[in-house]
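# Commentary on secondary and tertiary structure
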Amino acid sequence: MKIGFTAFPRTVQGTGASRRLRGGGKVPGIVYGAGRPAQPVELDHEALYRHLKMETFHASILDMTCEGSQQQVLLRDVQMHPFRPLVLHVDFQRVDKNKKIHMKVPLHFVNAEICPGVKTGGGVVNHIMNEVEIQCLPDDLPEFVEVNLDKLELGHSIHVTEIALPKGVEILSKLKKDNPAVVTVQIPKAIVIEEEVAAPVTEIIGEVPAEGEEAAAAAEGKEGEKAEKGEKAEKKEPAAEKKESGKKE
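The paragraphs below set out a description of the structure included in this document. Predicted model only: the values in this text are computed from it and were never measured.

Next up on the list: the layout of surface pockets. Here the largest pocket defines a volume of roughly 230 Å³. Mapped by element, the contributors of at least two residues to the lining of the largest pocket are β5 (69-80) and β7 (101-110). Of the residues in the lining of the largest pocket, the class split is six nonpolar, three polar and four charged.

And the structure:
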């Protein structure tokens, strides 16, 4: 799938000029490579933003038209605003048809629903990598690399070196040496919901008296009350006697 876009020469440079460009709905950019001088360009923001939403725009040879001439380029870098849907700057690299290029291309996983690990094993497919770095001549660059999962068993993985690559395409040597896993099928982990434990309540528990002891304690309590009242009465009597003796004298 060929994707084309239009760029315009950018005559003014600098932070202030780039800010004015963005205010006018343009995006500053640069085109470099293929043994030619770097060329500052500007692009229409709306058209570029629409293209950036396409997966193929990031991993395809692009036809860029500038000043009436067409050249093939690769999208190399995009700078976005931290929180606004605004493209701040783009970098494109010219393509030399006779030189190999290094690119990250997306991985497309197929037949996940019929692989034994899912169909009979009850597992879940886990995508460890969503893109892979390759090298090839520009004319051999694929839009994506397909990963077939039809034979993937439960607990097994497919590694980088096991991916079937299109003709003329190879994995980067360092990645090939490391040979990381690309996808695996595993039993999903059960979600354990911990029950909320109420805070412990401290209780002061006394010794419970037996029935006879309870009755005896009650009787002792009553006798104690009577004795207390008797002592108070005795304390009052001497005072009364003093008064009576005073009257007789």
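This part covers the packing of aromatic side chains. For the structure on display, the rule yields two aromatic pairs. Pairing F5 with F57 gives two aromatic rings, centres 6.0 Å apart and planes at 70°, and the pair type is edge-to-face. Taken together, the positions of F5 in strand β1 (residues 3-9) and F57 in the loop between α2 (45-52) and β4 (62-66) put the pair 52 residues apart, joining distant regions of the chain. On the basis of relative accessible area, F5 is assigned to the buried category, the value being 8%. Considering the side-chain rings of F5 and F92, the 4.9 Å spacing of their centres and the 25° angle between planes classify their relative orientation as stacked. Here the residue F5 occupies a position in strand β1, and F92 occupies one in strand β6 (residues 87-94), the gap between them amounting to 87 residues. Like F5, the residue F92 is buried in the burial classification. An aromatic cluster is defined as three or more aromatic residues linked by ring pairs; in this entry it consists of F5, F57 and F92.

Further remarks concern unusual backbone geometry. Non-glycine residue A34 carries a positive phi angle of around 60°. Given a relative accessible area of 43%, A34 falls into the partly exposed group. Residues other than glycine seldom take positive phi values, yet E67 does so here, at roughly 55°. Relative to the elements of secondary structure, E67 occurs in the loop between β4 and β5.

Here we come to the environment of L107. Topologically, L107 is positioned in strand β7. With relative accessibility at 7%, the residue L107 sits in the buried group. It is 9.6 Å that separates the C-alpha atoms of L107 and H127, two residues lying 20 residues apart in sequence. The contact partners of L107, leaving out residues within four places of it in the chain, are M129, N130, E131, V132, V145, V147, I163 and V182.

This paragraph deals with the pattern of salt bridges. Scanning the entire structure with this criterion turns up four salt bridges. Of the charged contacts in the structure, one is a salt bridge between E170 and K100, with a shortest N-O distance of 3.3 Å. Linking E170 in strand β12 (residues 170-171) with K100 in the loop between β6 and β7, this pair joins segments that are 70 residues apart in sequence. The exposure class of E170 is partly exposed, given its relative accessible area of 28%. Across the salt bridge formed by K174 and D178, the nearest N and O atoms sit 3.2 Å from each other. With a gap of four residues between them, K174 and D178 both fall in helix α4 (residues 173-178), about one helical turn apart. For K174, a relative accessible area of 60% corresponds to the exposed category.

This brings us to the pairing of strand β2 (residues 26-33). Pairing analysis gives seven bridges linking β2 to strand β3 (residues 36-44), with the strands arranged antiparallel. Directly across from I30, in β3, lies its bridge partner P40. The turn joining β2 and β3, which pair antiparallel and follow one another in sequence, is formed by two residues; a positive phi near 60° is taken by A34. As defined by bridge partners, β2 adjoins β6 across four bridges and the pair is classed as parallel. Looking across to β6, one finds that I30 is bridged to D91.

Reading the values: rules and limits
- Counting restarts for each chain, with residues numbered from 1 along the sequence as it is written.
- Reporting of local features is limited, given that this is a predicted model, to residues whose pLDDT is at least 70; pairs of side-chain atoms are given and counted only at 80 or more, and all residues count toward the totals for whole chains, interfaces and linings.
- Heavy atoms throughout the structure, all of them, feed into the side-chain values; hydrogens and water do not.
- Detection works on a 1 Å grid of protein atoms alone, calling trapped sets that fit a 1.4 Å probe cavities and calling open sets with protein on both sides within 12 Å along at least five of seven lines pockets, with lining residues defined by an atom within 4 Å of a point.
- Grid points are joined across faces, edges and corners, and a volume is the space filled by probe spheres set on the points.
- Each helix is a run of DSSP H or I of at least 4 residues and each strand a run of E of at least 2, with the numbering of both proceeding from the N terminus.
- Amino acids outside the nonpolar list (Ala, Val, Leu, Ile, Met, Phe, Trp, Tyr, Cys, Pro) and the charged list (Asp, Glu, Lys, Arg) are all regarded as polar, and Gly is one of them.
- Only the six-membered ring of Trp is used, alongside the rings of Phe and Tyr, when aromatic pairs are assigned; centres must lie within 6.5 Å, and planes under 30 degrees apart are stacked while those over 60 apart are edge-to-face, with the rest tilted.
- Only protein chains enter the calculation, and the probe is 1.4 Å; a residue is then buried if its accessible area is under 20% of its type maximum, exposed if over 50%, and partly exposed in between.
- Only heavy atoms matter for contacts: two residues are in contact if any of them lie within 4.5 Å across the pair.
- Salt bridges, as used here, are contacts in which a Lys or Arg side-chain nitrogen is within 4 Å of a carboxyl oxygen on Asp or Glu.
- Strand pairing is defined by DSSP finding a minimum of two bridges between the two strands.

Structural measurements only, silent on function.
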